[in-house]
Structure formats: structure tokens, C-alpha cells
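# Fold and contact review
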Amino acid sequence: MTELLTETAVQEPQRIRGLEMPWNRVMGRSDTPARAARALGPWHPQEFTAECVETIPEAGGLMTFVFRRCDGAPLAFRAGQYVNIAFPVNGGEHEPVDRSYSLSSSPTEPWTFSISVKRDAGGLVSPWVHENVKPGTVLEMLGPVGAFHLPDADRRARYLLLAAGAGITPIMSMVRTIHSLPGHADVVVLYHGAEAGGFAFHRELAYIASVDSRIRVFYSLGDRSKPDGWDGLTGRLTSAMIDEVAPDANGRQVYACGPEGYLNNATELLKKVGVDDTSIYMEFFSGDRQTLLEYAAEVALATDIAEEIAEEIADSAEDYFESQPAAFGLYEPRYDADGTLEATGLPLEAVDADATSGAEANDGGSGTSPEAEAETPDASSFNTVGTGSLTLSFMRTGINVRIDPTEPILEVAQRAGVRIGANCKEGMCGSCKVVKLSGDIDMNHQGGIRKREIDAGKFLPCCSTAKTDMVIDA
């Protein structure tokens, strides 16, 4: 009988020094983000649509959703970044709800990408995502966004990756990325979970750790009791635990993601074990204000780049097709400042050839049909509450509220019982976006709304105050 398996001495692979991302050299030759974006072609922040192609249940109540861009382009991002997604939670006829989700896949496989969403039974979006996003679902996205990511090059790639609960999502992207690239690296992952069976990606992490000597993974059960058969750590994050898994933590770059309390505790503990502030990177979506502002700057930059590059793509596409002989009969894709309109042509709209146009039907030329005008309520008939020098009229709710000009409009609305969804209340997430029908505001947003939305009359009441009397579609 032939012996199929023999004992063979396994040598460590020969690796290049440090760790370098594939796109680093292109980025390094560009002195501005926009120039780098142009150099990398489709590898830049932009607004796009993506189709779900696969759903994968994960442990811990997470579901991974795999997407591909509808225009066929790859999605370039850095491990740890996120995308901002518009979810039609309230139906297609209503304004979608924006949420940001970390990318859990590796940017070294850019033709598809994934997010992993933990279901929050009391949440607005995550239950809808779990129940409605399936293969074939198409969603609008903006990205990539985020300053929380691995560096493009690291000559001494030594990392301590801390994750708690769903905070494993961007950390998983980092682990997958490092595992997929050559180069010397030394990675310690410390992953806190609530129960032994609740560690998402644990099978993949176990496999990676078993075949990649650069990566070690430790698990801790938080403050829960230790079940039979559990051979991991127990207890919340402590300096002693950090010392146990990474005695040289003060020489590592530390990336941490998890709940706010966990990250605040980690910040103090890392200082105790000597990790310098400049070596600590944390993922806060609703925590430290300074970090929120940094994220807002990233979102704003991504939006600016997306609009700039979309305009350049539109211009370059028009120049190219105009330069071609008409006899070629080339198919010309349509672009506007927001990017490709449709990969296979403009959407078709059925019309009644015998119907008069809206403009023809309006005798007065106001742009509003008599039927619509008849349905528009008269704000003067609404009940008026509160005191102040200005009046906010909420047309759907049917109430007038007198306010002081310094009061944030969202607070006024909520106090008056007007239903406006709100998440961050910092002008970042865009979940409170509403339409301003008339009046002037002073808005100080942090990237949660796009210029074209402002131009369309939308605003974020959480970070806005009224300068005049206003009428709001809420």
C-alpha cells in the first residue's frame, strides 16, 4: 500500500519585510486624495448601487451580506473602513434610512464585498436588514469611508486587535487582509463575547490561526461563568489579560472596536500597560465626540471625492464618445455628477401618450396640480403650542410650534410629539433627514447629508436651528 502521508519538516515561509498593501505604491505617488483616486481608477470613494449576492448566517446573531457593485467595478477600501447604506426601511415611497456598516471582507478581494450586521431586536434598521436583504436586493451606498483602518505600509507590522461582540466586524477584515498578503507581521487578536457559542467567524479565525503563524487568536467570555469544555479566557478586559496575550503590547499598534464602555475601559488599560496614545485606534460610531468628528471629516471627504470623481468620469466619458466617428455606432453610457445612471441604459418609464403633460395641465404654471393644492393642509388651522419668536409648522403632524431661534429643531419636534427618526443626533448619520418646505435654517452638520440633498431642500433637524418661520414636511 502506498503511503500517502509522510512526516515532512515544515519550514516557515520566506517573507518580505513588513506589510504593504497592494495599492500603497499608487497612493504614495499621489499628494492628494483626489489625485490618488484618479490614479486608482475605480478605487475611490463614490456613490454607487450594489446587489446582494449571498447571505451567510454567523454566530452571535450576525448575518453577513455579500454584495457586488451593479456597475461591475471593484470596490476599493482599506481594511477597517465602512460604507454608508440607504435602507428603504419605510418603503420605497419614503425617504430611506442611512446607516453605516463596517466592511468585514478583505480589500484584497474587491470584486465582492461584505458587511456583517448584528440583529438588534429593538433597532429600526438591523431587523429589517435581516428580514429583507436577500440575493437580488439592490441598495444605494457611499464609500469607502473611515479613518479606522490598517496602514498602507508598516515596516514593523505588529498589531494587537481588540474586539468585543459585533466589534469583530472590522477586525475580521483586518485579519483576512493580513492573512491574504505576504510580509512579516505579528498579530494578536483578543475577542470578547457574551457566550461560548456566540463568537462570530470563530471557525475561520481558528483556521487562519492554524495555518498562519503570524496570527494568534484569544477568546474571553467577558464576565460570564466558564462553561464545561471552555479553554479560553474569562472575565472582562484587564491590564493583566492584555499582558497575558501580548506582553509587548506597548510596542504594538492597537486597533479596538466594540461598545463604548468596552472601548473606554480599553483606553485606560492600554495606558496602564504603556501603550502610547498615538498607537491606539478605536472604532466609535456613537461615543467619543472627537472620534465622531474625525469620522465626520472622513464622510465629508468621501462625499467630496465621490462628487468630484463622478464629474470627472462624466466629462471624460463625454469627451471620449464625442471623439469617436458616429459611424461606429458606439453605445454611450449615461453619466451625471452622481456617477453612472444605469449600467444597461436609462430606466424606462411607461407614459400615457394621450395624457396631457403636467405643465399643460397647470393653468397657473405653478408646478402643482389643483388636486395637490387641494390636499395641502392650511397651517393656519393647526393648533399652536409653545412660546417663542418663531413658528415651526409640521405639515404631516398638523401642529404649529412656537420656538426660540436657538433651539435645535429636532428637540422641538420631539417635544411636540412629531415623529422624526434620529440616531446620532450629531449631524452624522442622516437618520433624521426631513424636507424643508419653506424658511431658512442654520445647519451645522458633520457629513450626514449630501450637497445634492441640501439642494433638494432636505436638512438635518438634529443640528439645525431656525432663522425664520418654517414649514417642515414632518
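Heads up: the structure comes first, above all this text.
A word on the overall build of the protein chain. Across its full length, the protein chain holds twelve helices and 23 strands. Per-residue burial over the protein chain gives 46% buried out of 474 residues. Across the protein chain, contacts joining residues at least 24 apart in sequence account for 65% of those joining residues at least 6 apart.

A word on the nonpolar core. Among the nonpolar cores identified, the biggest contains 34 residues, and Y159, L161 and I171 are the most heavily contacted of them. Mapped by element, the contributors of at least two residues to this core are strand 9 (158-164), helix 4 (168-180), strand 10 (186-192), helix 5 (202-211), strand 11 (215-220) and strand 12 (253-257). Top contributing element to this core by residue count: helix 4, with six residues. Setting aside residues no more than four positions away along its own chain, I171 makes contact with F148, L161, L162, A163, V189, Y255 and C257.

Take the sheet that holds strand 16 (residues 383-386) next. In space, the six strands of this open sheet follow the order 16-18-17-23-19-21, with mixed pairing throughout. Since the sheet does not close on itself, it has two edges, and those belong to strand 16 and strand 21 (458-459), each with one partner. Taken together, the five bridges between strand 17 (residues 390-394) and strand 18 (residues 399-403) define a ladder with antiparallel strand orientation. Opposite L392, over in strand 18, you have V401 as the bridge partner.

The next point concerns helix 7 (residues 260-272). Between its first and last C-alpha, helix 7 extends 19 Å over 13 residues, near the 18 Å set by a 1.5 Å rise per residue. Of the residues making up helix 7, those classed as buried are Y262, L263, A266, L269 and L270. Take helix 7 and look down its axis: the buried residues cluster within an arc of 125°, on one side only. G274, located one to two residues past helix 7, shows a positive phi value of around 95°.

So, on to the sheet that holds strand 13 (residues 280-283). Two orientations exist for strands paired in a sheet by backbone hydrogen bonds: parallel and antiparallel. Spatial strand order, 11-10-9-12-13: five strands in an open sheet with parallel pairing. Of all the strands in the sheet, just strand 11 and strand 13 have a single pairing partner and so form its edges. Taking each pair of neighbouring strands and ignoring which way they run, the sheet shows an average axis angle of 15°. As paired elements, strand 10 and strand 11 share six bridges and run parallel to each other. Note that in strand 11 the partner of V187 across the bridge is I215. Across the sheet, helix 4 is in contact with strand 9, strand 10, strand 11 and strand 12; its angle to strand 9 comes to roughly 150°. Most of the contacts of helix 5 go to strand 11, to which it runs at about 140°, and overall it touches strand 10 and strand 11.

So, on to the pairing of strand 18. Among the five residues in strand 18, four count as buried, and that is most of the element. Sheet analysis places strand 16 next to strand 18, joined by four bridges and oriented parallel. Paired with N383 across the strands is I399, a residue of strand 18.

Under the criterion given, the structure shown has eleven aromatic pairs. Here the aromatic rings of F67 and F113 are separated by 5.9 Å at their centres, their planes lie at 20°, and the arrangement is stacked. Of this pair, F67 sits in strand 3 (residues 62-69) while F113 sits in strand 6 (residues 113-118), and the two are 46 residues apart along the sequence. Note on F67: relative accessible area 1%, which makes it buried. Considering the side-chain rings of Y159 and Y255, the 5.9 Å spacing of their centres and the 75° angle between planes classify their relative orientation as edge-to-face. In this pair, Y159 sits in strand 9 while Y255 sits in strand 12, placing the two residues 96 residues apart along the sequence. Clustering of aromatic rings is evident, with ring pairs tying together F148, Y159, Y255 and Y281. Positioned over the ring face of F48 is R69, at 4.5 Å from the centre of the ring.

Criteria and thresholds
Residues numbered from 1 in each chain as written. Predicted model: local features only at pLDDT ≥ 70, side-chain atom pairs only at ≥ 80, totals over all residues. Heavy atoms only, no water. Helix = DSSP H or I, 4+ residues; strand = E, 2+ residues; numbered from the N terminus. Buried < 20%, exposed > 50% of the residue type's maximum accessible area, 1.4 Å probe, protein only. Contact = heavy atoms within 4.5 Å. Core = buried A, V, L, I, M, F, W, Y, C linked by side-chain atoms within 4.5 Å. Pairing = 2+ DSSP bridges. Expected span 1.5 Å × (residues − 1). Arc of directions from axis to C-beta. Axes fitted to C-alpha atoms, helices over the stretch in contact; angles between N-to-C directions. Phe/Tyr/Trp six-rings, centres within 6.5 Å; stacked < 30°, edge-to-face > 60°. Lys NZ or Arg CZ within 6 Å of the ring centre and 35° of its normal.

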